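Chain by chain, the residues:
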Amino acid sequence: MPWLSIPFSDLETKKALNRKFEVEGIPYLIILQPDGSTLHDGVELIYRYGIEAFPFTEEKLEELRREERIKHESQTLTNLLTNPGRDYLLDQTMARKVPVDSLIGKTVGLYFSAQWCFPCAKFTPKLISIYHKIKRSLEGKGGGEDFEIVFVSNDCDQSSFDSYYGTMPWLALPSGDPIIRTLAKYFDVQGIPCLIIIDPDGKTVTKQGRNLINLYQENAYPFTCAKLELLEKEMEEEAKRLPRSNYHAGHRHELTLVSEGNGGGPFICCDCDEQGSGWAYQCLGCGYEVHPRCMRAVDPATAASVQHT
Ligand SMILES: [Zn+2]
Ligand SMILES: [Zn+2]
């Protein structure tokens, strides 16, 4: 490091600083301003704005936030996905170059993923199957509406990119393209897999594509607020017809139907390992919870023979 340090042996000062600034995790960067004020989110600011964040004053940060807002408001697919040396994406053959402009007017999913990532390995096949279902239903409808996904690879090398992308039926940014890092920062992607949905005008619809796919599968398309409100209402109606409790092939105890604000809340489904919210079947004693659609109802005797893991 090119800067100063508190001596390693000076435990007292370290402890006192930890207490004073209530440091709970590292890395943690506190900015002490010349006027004596302090700023606690130095790490986040450096990550988001780099050198631009200096001198970390309220005015400077307000200016950066304003610039960011303007950028998002004037966002188009072309300025998101091209750079001065490249105006195309790869398709499955890897030989054909697909112009980014050919996506204008479509709903587009930006899929941040990598072969080394375990949750990605579980989510990708599901996304592929849903992608095909959405495409088929749009073809059936006619009307020129279309959906496409672009793989934004976090793979470390070309060969992992090649073998992972080889499983996907959609387009991709070239492996290692500098725009990948820019996009991850721009959309503040905190973890993968992450699916960002862009509307036919090139504006962001939602960053929650992954959760929405898990919750509603192909019905989530086109991921707009209006569609989601409709789906929520449908789910409420459907839940009224679900049995209050039931036995599931993956758990030995009886599970109870719970909803948000009625014993439920955000959870990780023990059957498909994906996030859920709203309605769930729950065994309170074991902390076992599954999506209603992941329930495989069995009789109590069969459930009782399930081994606890
Ligand atoms: Zn599930
Ligand atoms: Zn249980």
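Residues numbered from 1 in each chain as written. Chains lettered and ligands numbered in written order. Predicted model: local features only at pLDDT ≥ 70, side-chain atom pairs only at ≥ 80, totals over all residues. Heavy atoms only, no water.

## So, the state of the cysteines
Under the definition given, this model contains one disulfide. Here Cys117 pairs with Cys120 through a disulfide, and the sulfurs are 2.5 Å apart. Across the S-S bond linking Cys117 and Cys120, the dihedral sits near 80 degrees, which makes this disulfide right-handed. For the pair shown, Cys117 and Cys120 are each scored as buried. The thiol of Cys156 is unpaired, and the distance to the nearest cysteine sulfur, on Cys117, comes to 11 Å. (Disulfide = S-S within 2.5 Å. Buried < 20%, exposed > 50% of the residue type's maximum accessible area, 1.4 Å probe, protein only.)

## Comments concerning unusual backbone geometry
For the bond running from Ile192 to Pro193, omega is 0 degrees, close enough to zero to count as cis. Its place among the elements puts Pro193 in the loop between helix H7 (179-186) and strand E8 (194-198). The amide bond that connects Tyr221 to the next residue, Pro222, takes the cis arrangement and shows omega of 0 degrees. Topologically, Pro222 is positioned in the loop between helix H8 (209-216) and helix H9 (225-241). Residues other than glycine seldom take positive phi values, yet Asp188 does so here, at roughly 50 degrees. Looking at the element boundaries, Asp188 is found in the loop between H7 and E8. Non-glycine residue Gln217 carries a positive phi angle of around 50 degrees. Position of Gln217 among the secondary structure elements: in the loop between H8 and H9. (Helix = DSSP H or I, 4+ residues; strand = E, 2+ residues; numbered from the N terminus.)

## With respect to the pairing of strand E15 (residues 280-283)
Along a regular strand, successive side chains alternate from one face of the sheet to the other. Of the two faces of E15, the one lined by Ala280 and Gln282 and the one lined by Tyr281 and Cys283 are each fully buried. Of the pairings in the sheet, the one linking strand E11 (residues 255-260) to E15 comprises three bridges and is antiparallel in character. Opposite Val258, over in E15, you have Ala280 as the bridge partner. Between the antiparallel neighbours E15 and strand E16 (residues 288-290) lie four residues, among them Gly287 with a positive phi of about 70 degrees. (Pairing = 2+ DSSP bridges.)

## Digging into H7
The complete set of buried residues in H7 reads Ile179, Ile180, Leu183, Ala184 and Tyr186. What you see down the axis of H7 is that its buried residues fit within an arc of 165 degrees, all on one side. For H7, the secondary structure elements touched by its buried residues are helix H2 (42-49), helix H3 (58-73), helix H4 (77-81), strand E5 (107-113) and strand E6 (147-153). Looking one or two residues past H7, Asp188 carries a phi angle of roughly 50 degrees, positive in sign. (Arc of directions from axis to C-beta. Contact = heavy atoms within 4.5 Å.)

## With respect to the coordination of the zinc ion (ligand 2)
The coordination sphere of the zinc ion (ligand 2) contains the protein donors His251 (NE2), His253 (ND1), Cys283 (SG) and Cys286 (SG), at a distance range of 2.0 to 2.3 Å. Note that the zinc ion (ligand 2) binds four donor atoms; their angles at the metal cover 98 to 116 degrees, and the shape is tetrahedral. Each donor residue of the zinc ion (ligand 2) lies on one chain, and together they are spaced H-x1-H-x29-C-x2-C. Take His251: its relative accessible area is 4%, and that puts it in the buried class. Accessibility expressed as a relative area gives 31% for His253, which makes it partly exposed. (Donors = N, O, S within 2.8 Å, 3.2 Å for Na, K, Ca; no water. Tetrahedral: all angles 85-135°; square planar, octahedral: opposite > 155°, others 65-115°.)

## Digging into the UniProt feature "domain: Phorbol-ester/DAG-type" (unreviewed entry) in the protein chain
Summarizing the sequence annotation, UniProt attributes the feature "domain: Phorbol-ester/DAG-type" (unreviewed entry) to residues 252-302 in the numbering used throughout. End C-alpha atoms of residues 252-302 are separated by 8 Å, and the span's content is 6% helix alongside 37% strand. (UniProt positions renumbered as here; feature names shortened; annotations may be inferred.)

## Some remarks on the coordination of the zinc ion (ligand 1)
The zinc ion (ligand 1) binds to the protein through Cys269 (SG), Cys272 (SG), His291 (ND1) and Cys294 (SG), with metal-donor distances spanning 2.1 to 2.4 Å. Relative to the metal, the four donor atoms surrounding the zinc ion (ligand 1) lie at angles of 99 to 120 degrees, and the coordination shape comes out tetrahedral. Counting gaps between the donor residues of the zinc ion (ligand 1) yields the pattern C-x2-C-x18-H-x2-C. Of this pair, Cys269 sits in the loop between strand E13 (267-268) and strand E14 (275-276) while His291 is found in the loop between E16 and helix H10 (300-304), placing the two residues 22 residues apart along the sequence. Residue Cys269 is classed as buried on the basis of its relative accessible area of 1%. Relative accessible area serves as the criterion here: at 2%, His291 is assigned to the buried category.

## Re the packing of aromatic side chains
The tally for this structure, following the rule as stated, stands at 13 aromatic pairs. A ring pair is formed by Tyr131 and Trp170, whose centres lie 5.2 Å apart and whose planes are at 80 degrees; its orientation type is edge-to-face. Of this pair, Tyr131 sits in helix H5 (residues 118-141) while Trp170 sits in the loop between helix H6 (158-165) and strand E7 (171-172); the two residues are 39 residues apart in sequence, bridging distant segments of the chain. Owing to a relative accessible area of 5%, Tyr131 belongs among the buried residues under this scheme. Ring geometry for Phe147 against Phe223: centres 6.3 Å apart, planes inclined by 35 degrees, an arrangement best described as tilted. (Phe/Tyr/Trp six-rings, centres within 6.5 Å; stacked < 30°, edge-to-face > 60°.)

## Brief notes about the environment of Val150
Assignment of secondary structure puts Val150 in strand E6. The buried category is assigned to Val150, whose relative accessible area is 0%. It is 29 Å that separates the C-alpha atoms of Val150 and Gly278, two residues lying 128 residues apart in sequence. Setting aside residues no more than four positions away along its own chain, Val150 makes contact with Leu81, Leu89, Leu103, Val108, Gly109, Leu110, Tyr111, Leu171, Ala172 and Leu173.

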